[in-house]
Amino acid sequence: MIKTYENIKIFQGDQIGGCVTVISSTVNGKTHRIMIDYGSSLEGSGTVKDFDYPWDKEPIDAVFFTHYHGDHVGRIGEIPKSVKTLYMGETARKVMINIQRALTRTKDGDAARAELELLNDDGRIRTFKKARCIYKHITDIPGFKIEPYSVDHSAYDAYMFLIEVEDDSVPGGKTIILHTGDFRGHGRRGKAMLPVINYYIRRYGNKEGTGKPKRDVDVLITEGTMISRSDEPVLTEFELQLEATKYLHEHKYAFLICSSTNLDSLASFYQAAQDASVPYGRYLYTYNNYFKTQLDTFTKTAGKYTDLYKFENVYELELERELKRPEWTKKKTQKELMEYTGFLAVIKPAEWCEKFVDPFIEDYKNGHINEMPVIIYSMWDGYIDKTKGARKDEWIKFIERQEAKGVEIKHLHTSGHASVQMLTDVIKAVNPTRAVIPMHTEDAEGFKYLDMDEGLKDKVFIERSC
Ligand SMILES: [Zn+2]
């Protein structure tokens, strides 16, 4: 279960999720270490229990989080106080605070309260700071220089790290490592990935006229989620938005199942709901206040840079709530307004959310409205595939019950991970001098079959986990 390459250790790298990387620097006999991500195993990955990191034996100076998904940050609460600093994105921190605040009201409230306290602790949490168009380099850990670069992923505010490590035991005394975290090329910000590699990571063109890179990357540690999922279609977020627009144009009453933190897809559906309903865009409704809070957070942070990430007309679902407007002669319930204008409403695939769907089915049956509601399922299909280890039985039953009621389920989703083509392009652009180390993949061997030259294939490091 631990893969070791020179001064790099990867824990649980042979599953999609829960991968932990530890990099050490030893200069004059003194060792310092950083950790990248400390997340939970993917459900159904076959890992019965998450490993326990030997915090006392191999102490860590700082942990760097690539993004806020549970398989990368899920075990943050277990990190001992001896680890002085935890680094993460500024918006990622806010999104995680929203999640834990909501969880304090559940049965795991105590754990959530402890995590919330940690996330609010300015003494331990540090966020990446911008210095013009790049992020400030982190140089206060002996033996390391860390450069965070923003990447496109289904989690907003995700990072890859370029890490320069001093180490007496490696050739030349220094290793330059690029750790991609989770990334993709087909989201709204995906086009930036290759230019960032060419112009910042490799610093192309710094020496005028030579066209030569000034900096070589020695080791590339990259995710490979899609190697074993290459049969899944990869829509761009824009293609997803266009398809959603067409679909919402035909369906006035639409429910949506989508992650509260998948900003790109939420923006695609929100924009689609505006474009499908000219001249008046459709309101977005949410099943609870937590979901609305996440959207408000994205509007205030990501929305500063582009209108695409602004969610302006968002309301919590309370179907019987009475509303009044000056132009109305009498009050309307929220449900009456929704039936009049149409809607896009986010729900969870949980039994208690059927109370939002059923009244519209009833009203269709008794002739109050002339369309059945529909449900758009925009999550990974593996969760509702009975043959997959990661399946969620409650979700499968929910979908089956809605289909039995005659509700159409539209599958419309795009992956948060790099397509096989994008992965190949990134490996070629980085062109590491020593190794390509696959992680976050069930098929490391598959890297050897990517469309790249033999020299690069030979650098793929597939030591069997032990
Ligand atoms: Zn992720």
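Everything that follows concerns the structure shown earlier in this document.
What you see as residue numbers is a count from 1 along each chain, following the sequence as written. Per-residue local features of the predicted model are confined to residues with pLDDT of at least 70, and side-chain atom pairs are confined, for both listing and counting, to 80 or more; whole-chain, interface and lining totals are unaffected and use all residues. Side-chain calculation: all heavy atoms of the structure are included, whereas hydrogens and water are not.

Draft legend 1. Representation of the coordination of the zinc ion within the structure. Those donors, His67 (NE2), His69 (ND1), His153 (NE2) and Asp182 (OD), are the protein atoms that reach the zinc ion, and they lie 2.2 to 2.5 Å from it. Relative to the metal, the 4 donor atoms surrounding the zinc ion lie at angles of 91 to 169°, and the coordination shape comes out irregular. Motif for the zinc ion, donor spacing along one chain: H-x1-H-x83-H-x28-D. Burial classes follow relative accessibility: with a 1.4 Å probe on protein chains only, a residue under 20% of its type's maximum area counts as buried, one over 50% as exposed, and anything between as partly exposed. Owing to a relative accessible area of 2%, histidine 67 belongs among the buried residues under this scheme. Distances decide who is a donor: an N, O or S atom must be within 2.8 Å of the metal, or within 3.2 Å for Na, K and Ca. Water is not included, so sites may look incomplete. Four donors are marked tetrahedral only if all angles between them lie between 85 and 135 degrees, whereas four are marked square planar and six octahedral if opposite donors are more than 155 degrees apart and the other angles lie between 65 and 115; the remainder are marked irregular.

Draft legend 2. Spotlight on helix α2 (residues 90–103). By definition, any uninterrupted DSSP run of H or I lasting at least four residues is a helix, any uninterrupted run of E lasting at least two residues is a strand, and each is numbered from the N terminus. In this scheme, a helix's expected span is set at 1.5 Å multiplied by one less than its residue total. With 14 residues, α2 should cover 20 Å at 1.5 Å per step; its first-to-last C-alpha distance of 20 Å lies within 8% of that length. Taken together, the buried positions of α2 are Thr91, Ala92, Arg93, Val95, Met96, Ile97, Asn98, Gln100 and Ala102. Along its buried surface, α2 packs onto α1 (70–73), β6 (85–88), α3 (109–119), β7 (125–127) and α7 (289–300). By definition, residues are in contact when any of their heavy atoms lie within 4.5 Å.

Draft legend 3. Examining the packing of α2 against α7 more closely. Each axis is a line fitted through C-alpha atoms, and for a helix only the stretch in contact is used; angles between axes span 0 to 180 degrees, taken between their N-to-C directions. One way to put it is that α2 packs onto α7 with a least axis distance of 10 Å and a crossing angle of 165°. Judged by the inter-axis angle, α2 sits roughly antiparallel to α7. Considering how the two elements wind past one another, α2 and α7 form a crossing that is right-handed. Contacts from Lys94, Val95, Asn98, Ile99 and Ala102 of α2 reach α7 at Tyr290, Thr293, Gln294, Thr297 and Phe298. Among the residues making up the contact of α2 with α7, the classes are represented as 5 nonpolar, 4 polar and 1 charged. An angle below 35 degrees is treated as roughly parallel, one above 145 as roughly antiparallel, one from 65 to 115 as roughly perpendicular, and anything else as oblique. Crossing handedness follows the turn of the near helix against the far one: under a right angle anticlockwise gives a left-handed crossing, and clockwise gives a right-handed one. Only Asp, Glu, Lys and Arg are considered charged in this grouping, and only Ala, Val, Leu, Ile, Met, Phe, Trp, Tyr, Cys and Pro are considered nonpolar; every other residue, Gly among them, is considered polar.

Draft legend 4. Inspection of the pairing of strand β10 (residues 144–151) at higher detail. Most of β10 sits out of view: 6 of its 8 residues are buried. Two elements, β10 and strand β11 (residues 158–166), share 8 bridges in a ladder whose sense is antiparallel. Its bridge partner being in β11, phenylalanine 144 is matched across the sheet by valine 165. Whether two strands pair depends on DSSP finding at least two bridges between them. Between β10 and β11, which pair antiparallel in sequence order, lie 6 residues; one of them, aspartate 157, sits at a positive phi of approximately 60°.

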